[in-house]
Amino acid sequence: MKKLIVILASALVCGSAFAQDETPAKYSLYGFIRNYATFDSRESNAGTQDMYFYMPKDENLNAEGVDLNAIPSFRMFSLTTRLGLKVSDYQFGNVSVNGAVEADFYCMNGSVATFRLRQAYVGIGMNLRDGDKLLVNVGQTWHPMAVDMPHILNLETGAPFNPFNRSPQIMAHYSMGSKITATGGIIFPMQFLPVGPNGKSVEYNKYGLIPEIYLGVAYKDGAFLGKAGVDLFSSKPVRYDTDALGTHLASGRLFAVSPFLYGQYTKDLLQIKAKTIFAQSGEHMNLLSGYGISEYDAASHSISYTPMQDWASFVSVQYGKKIQFMAMLGYMKRFGTTTDLEMTAGVPTALWLNTAADTKIQQAVRFTPTIAWNIGKLTLSLEYNITAAEFGRGAITSRGLYDDGKWIANHRIINMVKFNF
């Protein structure tokens, strides 16, 4: 009995000491109310009631040669109004914990917008020796290549000229002093999915067993911030082939490597951003990319895949505080697959590309001048968006490109009223 009392007393003492090292968390609500009004000069590939603008549609000529997609449109929406809960300053010994749960009215149920999860992550931080710091983010948040976005009103924030992806991840950030931060971790696609023989699906990575890997480094010195990184993506699309001997599992593994560079300069009321990425099979990052079959061995039922290569870049600038002037210039170009595609009757046997836009787009450009008036937490803004794309014409090559093309443009005018809280 005495021994039990001693153990309980020791536990109480330890628990008291344990509690003294713990600092309670702080909670804060944040978000905004946002309303859009938009005009488009032609039909476009866009999501969420055309608010997530992506690319103009190709010509659709009738028998008289009239383009049925050259139809202007106008709409008003209060979608994407956002609400978030931020948890911060929880401390236990040398370990700090923060996190956030964030949602908005985005997904449509008929004509009614429904609540959907945007982010849900926890950040675990630790101060190390010599001023070094370690932060590990666990949960769904922005892909490291997508986090630095251009200055733009439109909901897609620059895609497909800028990667757009939020995914479950485990990402570690190791800061060596105040200037250099090394980042590395694993990512799993969930909301933004790769394409394949079964359409957009998580199964290509679920059964592929190898997660998406990101490695990068950031350098910050005064007004300058620079980043460099590489995304390593692997998936295992599976299909079933039937012949005289029965049904067989046919599969192979896709490997893709996508490096990127980012630079940012901030001085007083001026900020300039620039990013470039050479992507392989980057459709899960909302880039105009994909992959195809380069070889199929019928005897072993093995498939060799080849990724589509795309170059996407943007430069954007912002100046001012109460009255802000912004602009973005984006450009993307498709460079074809890394090896020849398997061809049947002059066309690729299998080529899966991002279905968010016309798969014939060979290159595209976007320019978006913007003016915003900030009245405290209220913002009134107006943006002009011209996006032009070259649509492939003629025969398709063994690298997934076209002999010729035609440029088609959409003119979009966006008005936004936003109240932050």
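On a predicted model such as this, the values are computed, not experimentally measured, just so you know.

Conventions we followed
- Residues numbered from 1 in each chain as written.
- Predicted model: local features only at pLDDT ≥ 70, side-chain atom pairs only at ≥ 80, totals over all residues.
- Heavy atoms only, no water.
- Helix = DSSP H or I, 4+ residues; strand = E, 2+ residues; numbered from the N terminus.
- Buried < 20%, exposed > 50% of the residue type's maximum accessible area, 1.4 Å probe, protein only.
- Contact = heavy atoms within 4.5 Å.
- Areas by Shrake-Rupley, 256 points an atom, 1.4 Å probe, with all protein chains shown as cover.
- Lys, Arg positive; Asp, Glu negative; His and termini not counted.
- Charge placed at Lys NZ, Arg CZ, Asp CG, Glu CD.
- Salt bridge = Lys/Arg side-chain N within 4 Å of Asp/Glu carboxyl O.
- pLDDT = per-residue confidence, 0-100.
- Polar contact = N/O pair within 3.5 Å; in protein donor to acceptor, adjacent residues only side chain to side chain.
- Pairing = 2+ DSSP bridges.
- Core = buried A, V, L, I, M, F, W, Y, C linked by side-chain atoms within 4.5 Å.

Focus: the overall build of the chain
At step 1: A tally of regular secondary structure across the chain gives 2 helices and 27 strands.
At step 2: Considering the chain as a whole, with its 421 residues, one finds that 44% of them fall into the buried category.
At step 3: The long-range fraction of contacts in the chain, counting pairs at least 24 apart against all pairs at least 6 apart in sequence, stands at 64%.
At step 4: When the accessible surface of the chain is split by element, carbon and sulfur atoms take 64% of a total near 20,300 Å².
At step 5: Here the chain contributes 37 positively and 34 negatively charged side chains, and the mean placements of these two sets differ by 10 Å.

Focus: the environment of A223
At step 1: Its place among the elements puts A223 in the loop between β12 (212-221) and β13 (224-235).
At step 2: Judged by its relative accessible area of 24%, A223 is partly exposed.
At step 3: Counting along the chain gives 38 residues from A223 to G185, while the straight-line C-alpha distance between them is 27 Å.
At step 4: When sequence neighbours within four positions are dropped, the list of residues in contact with A223 reads Q264, Y265 and T266.

Some words on the pattern of salt bridges
At step 1: In the structure shown here, the tally under the stated rule is 15 salt bridges.
At step 2: The residue D40 makes a salt bridge to R75 at a minimum N-O spacing of 2.9 Å. With D40 in strand β2 (residues 26-40) and R75 in strand β5 (residues 73-77), this pair connects stretches of sequence that are 35 residues apart. In terms of burial, D40 and R75 fall into one category: buried.
At step 3: A salt bridge links D221 to K179; the shortest N-O distance between them is 3.7 Å. Linking D221 in strand β12 with K179 in the loop between β10 (166-176) and β11 (180-187), this pair joins segments that are 42 residues apart in sequence.

Some thoughts on the confidence of the model for the chain
Interpretation of the predicted coordinates at a detailed level should be avoided for regions scoring low in pLDDT.
At step 1: Overall, the predicted model of the chain reaches an average pLDDT of 91, with 95% of residues at or above 70.
At step 2: The model gives residues 3-19 a pLDDT under 50, and that stretch makes 1 contact with residues more than four places away or in other chains.

Things to note about the environment of Q119
At step 1: Locating Q119 in the fold gives a position in strand β8 (residues 112-127).
At step 2: The class for Q119 is buried, based on a relative accessible area of 9%.
At step 3: Distance from Q119 to F161, taken between C-alpha atoms, is 22 Å for residues 42 residues apart in sequence.
At step 4: When neighbours within four sequence positions are excluded, Q119 is seen to be in contact with A100, V101, E102, Q140, T141, W142 and R166.
At step 5: One polar contact links Q119 to T141, side chain to side chain, over a distance of 2.6 Å.

A closer look at the pairing of β8
At step 1: Note that strand β7 (residues 95-109) and β8 share 14 bridges and pair antiparallel. Across the sheet, E102 pairs through a bridge with Q119, a residue of β8.
At step 2: With antiparallel pairing between neighbouring strands as the criterion, β7 and β8 make up a hairpin whose turn holds 2 residues, including G110 at a positive phi of roughly 70°.
At step 3: Two successive antiparallel strands, β8 and strand β9 (residues 133-142), enclose a turn made up of 5 residues, where D130 displays a positive phi of approximately 60°.

With respect to the nonpolar core
At step 1: With 41 residues, the main nonpolar core has Y52, Y54, M55, I277, L288, M332 and I361 as its most contacted residues.
At step 2: Not counting the four nearest positions on each side in its chain, Y54 is found in contact with N45, A46, A159, P160, N286, L287, L288, N354, A356, A357, R366 and T387.
At step 3: Counting residues in each nonpolar core, the second largest holds 10 residues, with L254, Y291, I293 and W352 among its members.

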